[in-house]
Amino acid sequence: MVLKNKFLIFSFVLFAGLGSLQAQTNHSYWQQHADYKMEVVMNVENYQYTGTQTLVYTNNSPDDLNRVYFHMYFNAFQPGSEMDIRLQNIQDPDGRMFVEGQSRIANLNPDEIGYLRASSLTQDGEDVSFSLEGTVLEVQLVKPIPAGGKSTFDMKFEGQVPLQIRRSGRNNSEGVALSMSQWYPKLAEYDFEGWHADPYISREFHGVWADFDVKLTLDKNYIVGGSGYLQNPQEIGHGYEAHGSKVKKPRGKTLTWHFKAPMVHDFMWAADPEYIHDSLKMENGPTLHFFYKNKPELLENWKNLQPKTAEAMNFFNENIGKYPYDQYSVIQGGDGGMEYAMATLITGERKFESLVGVTIHEMAHSWFQHVLATNELKHEWMDEGFTQFISSLCMNEVMKQEKDNPFESAYNSYYSLAQSGKEQPQATHADRYKINAAYGISAYNKGSIFLSQLGYVIGQDKLMETLRSYYDNYKFKHPIPNDVKRTAEKVSGIELGWYLTDWTETTNTIDYGIKEVQAESNKTKIILERKGLMPMPIDLLLVYEDGTRETFYTPLRIMRGQKDNPYPNIERTILPDWPWAYPTFEFVIDKPINTIKAVVIDPSQLMADINLENNIWQASE
Ligand SMILES: [Zn+2]
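Predicted model, so just to flag it, every value in this text is computed and none were measured.

Q: A description of the overall build of the chain should follow, citing residues and the corresponding values.
A: A tally of regular secondary structure across the chain gives 10 helices and 33 strands. In terms of overall dimensions, the chain is globule-like: its C-alpha atoms have a radius of gyration of 27 Å, near the 25 Å expected for 621 residues. Looking at the chain as a whole, 60% of its 621 residues qualify as buried. A separation threshold of at least 6 residues defines the contact pool for the chain, and within that pool the share at least 24 residues apart is 72%. Here the chain holds 58 positive side-chain charges and 80 negative ones, and the gap between their average locations is 2 Å.

Pasting the structure below:
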C-alpha cells in the first residue's frame, strides 16, 4: 500500500553555502600518481593497433614495491575469458552480452576478439619479466621502487578492438566505428587499501590518478572525441578549429590527434567517419562537445539535448561542487551508457527523455566516480547509487517532472529485492553477486536510498551540505564509505555508525509500525513498535479532525543528536530518544482520541520501511 498523497508533505530544500570543514583523511591514506605518454596507431581496416607507452610511476606509498600490475582489459573479449565464463554461468546474464541462450563472447571469431598484449617492457631502461594472466599483466620489477621514489616504464603494446560486446569495441549496434574504452595498458592502483589488480569480469573502475598525453594516429576521415583537450585543433579541424578559421587539408591518409588530460584516472576515445561534432561553450562553465551519427532521425533530439546538458551541468555545479575540467563530451557509442573521464559514451537512438536521462546519469558520474574516485568494485553503491540520487533530482528539475518524491521508483525496487530473499549486503564485491539483478538494485536503488534516507535522518539541508563537503574534501581521491559517514556526522552533529553498518554491510530491514492508538481518559496514548532489525528515528504526523496537523519526533538514542524540524510550518514536539533494543515506544498526547483523524509514520516516505501498511492509523468513520 502506498500512503495517500495528502499525507505526503515531502519537501526538498537545496541549501547553498557551507563553512570549511577539515579534510577527513585517514592518517595512513595515500594514493599513487602516474604520468602516461602514449602514441598509438590505429588501422581502421582490421581494427588492430600498436602503441608505445612511457609511464612515470610515483610511489607515494610508505612501502617499497617489488611488483606492479597493468589491466589489459580487451583480453576479456575472448572465448573462455573469465568474463565469458561468468556470463555463461550466471542465472540472469546481461542481455547485451548473451543472446538466444549464447554468450556473444564465446562466438567471437579470431578477427573479432579483443586482445591487448605487451611486446616489450622495461623499467628505467632494463628489461623486466612479465606474464599476462587473463586481463592482468603481472610485472616483477628489476629493482624495487622505494617509498617516495619514481620509476619509468616503457612498454610496446599491440591490440585488437573487439566487436562491440560491452562498453568498448567496434561497430556497435548503432554503427559507431570505434568506442575505445578500457583500451590501453592501465596501471592498477596500489592505495591505502592495498593492490587492486581485479580481473575484468563485469566492472572495471579503479585506477591511478594520472596525467595523460596521448597521440592517436588514424584515418584522416575519422572524427575523434573523448577524454582530454585537443592540443592541435588547427591541424585537425573536424569542428575543433577556432571558429571561422581555415584548416589545411592533410597531405597523407592519416591525422595524428594529440590530447592531454590532466588529473584523471582513465582515458577514453571514440571515432567515426560520420560523426557530427557540435560544441557549446557554457557561460562560467566548460565547453560541451557532442558527437553523434549523421542520421536524419537523430538530429532533432541531439540538438535539443545540448541546452539540457548545460542545465544539468549547472545543477551539479550548484548542488555538489564545481566541475573541475574545461570540457565535457557526450558521445554516441558503446552500449547503453557509461561514464568516462571528461566524457560519456551513450547509445543515441533514443526517445528524447531517455536521451536526456542517460546523459544526465552519466554526466553525474563525473562527480561520483571521475572526481570522487571510489573503487566501484568494492563500493559500487557510492558510485551508481549517489549518481542515481543526484540525477533523479536533476531530471526532476531539468525535465520539469514535478514528482513529489523523485526517488519513489528506487524505493519500490529496493522493497521488491528486500522481500525476494535474493538481497546481498551492499558491501559485496561487485562481481560476486549471485544474480545481476541483486547487484543492480543494491548498487543503484539501495545506493540512492542511502542518501535520500540519510536526508530523513539528518535533514535535507544537512544532506546537501554533506554532499558539498564530501566533494570538497575528497575530490581527486579514493573515498570509502566511512568518509561519507564522517562527513555527514560532522555536518549534522549526529552519530551515524549504526546507519552505515546496517544499511551497507547487512541486509537488515526497517519495519516500524503503529501498534495502538488508545484513549486514556481525555488523552491519547500512542504505541509504536519496531519490527525490523535496523533502527531508525521516527517522524510521526498527526492529522486532526479539524484539519490541523502536528508532528512528533523520536530520535534514536545512538544518534546522540537530533535533526532540525523538517516541516517548519508544522509544530513539532521532540519526544525522548528511542533506545533501539526496546521493541516498543509509547507516549501520551494531551488530546482526546476522537479529535484525531490519522497518525502517520514518516510522511516523507524517505525511510525505507519494507512494510508501509502498519505506518498509518486512521480513525474509523
Ligand atoms: Zn551509472
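Having put the structure on the table, let's press on.
Q: Tell me about unusual backbone geometry, and please be specific about residues and values.
A: Although it is not a glycine, Asn-171 sits at a positive phi angle of roughly 55 degrees. Residue position: Asn-171 is located in the loop between strand E11 (169-170) and strand E12 (178-180). In the Ramachandran plot, Ser-521 falls in the positive-phi region, its phi being about 45 degrees despite a non-glycine side chain. Within the element layout of this structure, Ser-521 appears in the loop between strand E26 (512-520) and strand E27 (523-530).

Q: Which residues make up the side chain of Arg-530, and what values go with them?
A: Position of Arg-530 among the secondary structure elements: in strand E27. For the buried Arg-530, which has no salt bridge, the nearest side chain bearing the opposite charge is Asp-502, at an N-O separation of 8.4 Å. A distance of 2.8 Å separates a polar atom in the side chain of Arg-530 from the backbone oxygen of Gly-532. Of note is the side chain of Arg-530, whose polar atom sits 3.0 Å from the backbone oxygen of Trp-580.

Q: Explain the packing of aromatic side chains to me, and be specific about the residues and the numbers.
A: Both the distance between ring centres and the angle between the ring planes are used here to describe each pair of aromatic rings. A complete count under the given rule lists 48 aromatic pairs for this structure. Aromatic side chains Tyr-190 and Trp-195 sit 4.8 Å apart centroid to centroid with 40 degrees between the ring planes, which places their arrangement in the tilted category. The exposure class assigned to Tyr-190 is buried, which follows from its relative accessible area of 11%. Take Trp-195: its relative accessible area is 22%, and that puts it in the partly exposed class. Measuring from centroid to centroid gives 5.7 Å for Tyr-470 and Tyr-474, while their planes differ by 45 degrees, and the two rings are tilted. Taken together, the residues Tyr-470 and Tyr-474, both in helix H8 (residues 460-474) and 4 residues apart, mark about one turn of the helix. When sorted by exposure, Tyr-470 lands in the same class as Tyr-474, which is buried. Its guanidinium or amino end placed over the ring of Tyr-115, Arg-117 lies 3.8 Å from that ring's centre, counting from NZ or CZ. For Lys-446, the ring lying beneath its charged end belongs to Trp-503, and the centroid distance is 4.7 Å.

Q: I'd love a proper account of helix H7 (residues 436-458), names of residues and values included.
A: Residues that lie three or four places apart on an α-helix share one face, since the helix turns once every 3.6 residues. The end-to-end C-alpha distance of H7 is 32 Å, a good match for the 33 Å that 23 residues give at a rise of 1.5 Å each. The largest bend in H7 is about 30 degrees, located at Ser-442. Extensive coverage of H7 is indicated by the burial of 20 of its 23 residues. Phi for Gly-459, located one or two positions after H7, is positive at around 105 degrees.

Q: An account of the sheet that holds strand E25 (residues 343-346) is requested, with residue identities and associated values reported.
A: Pairing is mixed across the open sheet formed by 5 strands, whose spatial order is E21-E22-E23-E25-E24. One side of each edge strand has no neighbouring strand; the edge strands of this open sheet are strand E21 (275-281) and strand E24 (337-340). Between one strand axis and the next, the sheet turns through 15 degrees on average, direction left out of account. Pairing of E21 with strand E22 (residues 287-293) involves 7 bridges; the strand directions are antiparallel. If you follow Leu-280 over to E22, its bridge partner there is Leu-288. Along the sheet, helix H3 (residues 296-319) makes contact with E21, E22, strand E23 (327-332) and E25, crossing E22 at roughly 155 degrees. Strands E23, E24 and E25 of the sheet are contacted by helix H4 (residues 352-364), whose axis makes an angle of about 145 degrees with E25.

Q: An account of H4 is needed here, citing residue identities and associated values.
A: Taking 1.5 Å per residue as the helical rise, H4 with its 13 residues ought to reach 18 Å, and the 18 Å between its terminal C-alpha atoms agrees with that figure. By the criterion of burial, H4 is predominantly enclosed, with 10 of the 13 residues buried. If you check which residues of H4 are buried, you get Leu-355, Val-356, Gly-357, Val-358, Thr-359, Ile-360, His-361, Glu-362, Met-363 and Ala-364. Elements in contact with the buried residues of H4: H3, E23, E24, E25, helix H5 (380-398) and H7.

Q: Hey, could you go over the pattern of salt bridges for me, with residue numbers and the actual values?
A: If charged atoms from side chains of opposite charge come close, those side chains can pair. Here the structure, examined in full by the defined rule, presents 22 salt bridges. Put simply, Lys-303 and Asp-278 hold a salt bridge, and the shortest N to O gap is 2.9 Å. Pair noted here: Lys-303 is in helix H3 and Asp-278 is in strand E21, with a separation of 25 residues, a long-range link. Residue Asp-278 is classed as buried on the basis of its relative accessible area, which comes to 13%. In the salt-bridge network here, residues are joined through shared partners; they are Asp-94, Arg-96, Arg-166 and Asp-335.

Q: Give a detailed account of the environment of Gly-226, specifying residues and quantitative values.
A: When you line up the elements, Gly-226 lands in strand E17 (residues 223-226). Spatially, the C-alpha atoms of Gly-226 and Ala-261 are 9.8 Å apart, while their sequence positions differ by 35 residues. Among residues more than four places away in sequence, those in contact with Gly-226 are Met-268, Trp-269, Gln-327, Ser-329, Ile-331 and Ala-343.

Q: A description of the packing of H5 against H7 should follow, citing residues and the corresponding values.
A: At their nearest, the axes of H5 and H7 sit 7 Å apart, and the two run at 65 degrees to each other. The two elements H5 and H7 meet at a crossing, and its hand is right-handed. Of the residues in H7, those in contact with Glu-380, Trp-381, Glu-384, Gly-385, Phe-386, Gln-388 and Phe-389 of H5 are Tyr-439, Ser-442, Ala-443, Tyr-444, Asn-445, Gly-447, Ser-448, Phe-450, Leu-451 and Ser-452. For the contact of H5 with H7, the residue count by class is 8 nonpolar, 7 polar and 2 charged.

Q: I'd like a rundown of the environment of Trp-617, residues and numbers included.
A: Along the chain, the position of Trp-617 falls in strand E33 (residues 616-618). Placed 139 residues apart in sequence, Trp-617 and His-478 show a C-alpha to C-alpha distance of 46 Å. When sequence neighbours within four positions are dropped, the list of residues in contact with Trp-617 reads Ile-514, Val-517, Ile-593, Ile-596, Lys-597, Ala-598 and Val-599.

Q: Give a detailed account of the nonpolar core, specifying residues and quantitative values.
A: Residues Leu-178, Trp-183, Trp-269, Phe-316 and Ile-390 are the most contacted members of the largest nonpolar core, which totals 180 residues. With 9 residues, H5 is the single largest residue contributor to this core. Residues contacting Ile-390, with those up to four places away along its chain left out, are Phe-315, Phe-316, Asn-319, Ile-320, Ala-364, Phe-368, Met-464 and Leu-467. Grouped together as the second largest cluster of nonpolar side chains are 8 residues, Leu-417, Ala-430, Tyr-433 and Tyr-439 included.

Q: Pulling in residues and values, what's your account of the side chain of His-33?
A: Mapped onto the fold, His-33 is located in strand E1 (residues 33-43). The buried category is assigned to His-33, whose relative accessible area is 18%. Within the structure, His-33 has its side chain in polar contact with the backbone oxygen of Trp-209 (distance 3.3 Å). Excluding residues that lie within four positions of it along the chain, His-33 makes contacts with Val-56, Tyr-57, Thr-58, Asn-60, Val-208, Trp-209, Ala-210, Asp-211 and Met-263.

Cut-offs used in this document
Residues numbered from 1 in each chain as written. Predicted model: local features only at pLDDT ≥ 70, side-chain atom pairs only at ≥ 80, totals over all residues. Heavy atoms only, no water. Helix = DSSP H or I, 4+ residues; strand = E, 2+ residues; numbered from the N terminus. Rg over C-alpha atoms; globule rule 2.2 N^0.38 Å. Buried < 20%, exposed > 50% of the residue type's maximum accessible area, 1.4 Å probe, protein only. Contact = heavy atoms within 4.5 Å. Lys, Arg positive; Asp, Glu negative; His and termini not counted. Charge placed at Lys NZ, Arg CZ, Asp CG, Glu CD. Salt bridge = Lys/Arg side-chain N within 4 Å of Asp/Glu carboxyl O. Polar contact = N/O pair within 3.5 Å; in protein donor to acceptor, adjacent residues only side chain to side chain. Phe/Tyr/Trp six-rings, centres within 6.5 Å; stacked < 30°, edge-to-face > 60°. Lys NZ or Arg CZ within 6 Å of the ring centre and 35° of its normal. Expected span 1.5 Å × (residues − 1). Bend = angle between axes of the 7 residues up to and from the residue. Pairing = 2+ DSSP bridges. Axes fitted to C-alpha atoms, helices over the stretch in contact; angles between N-to-C directions. Left-handed = near helix turned anticlockwise from the far one by under 90°. Nonpolar A, V, L, I, M, F, W, Y, C, P; charged D, E, K, R; others polar. Core = buried A, V, L, I, M, F, W, Y, C linked by side-chain atoms within 4.5 Å.

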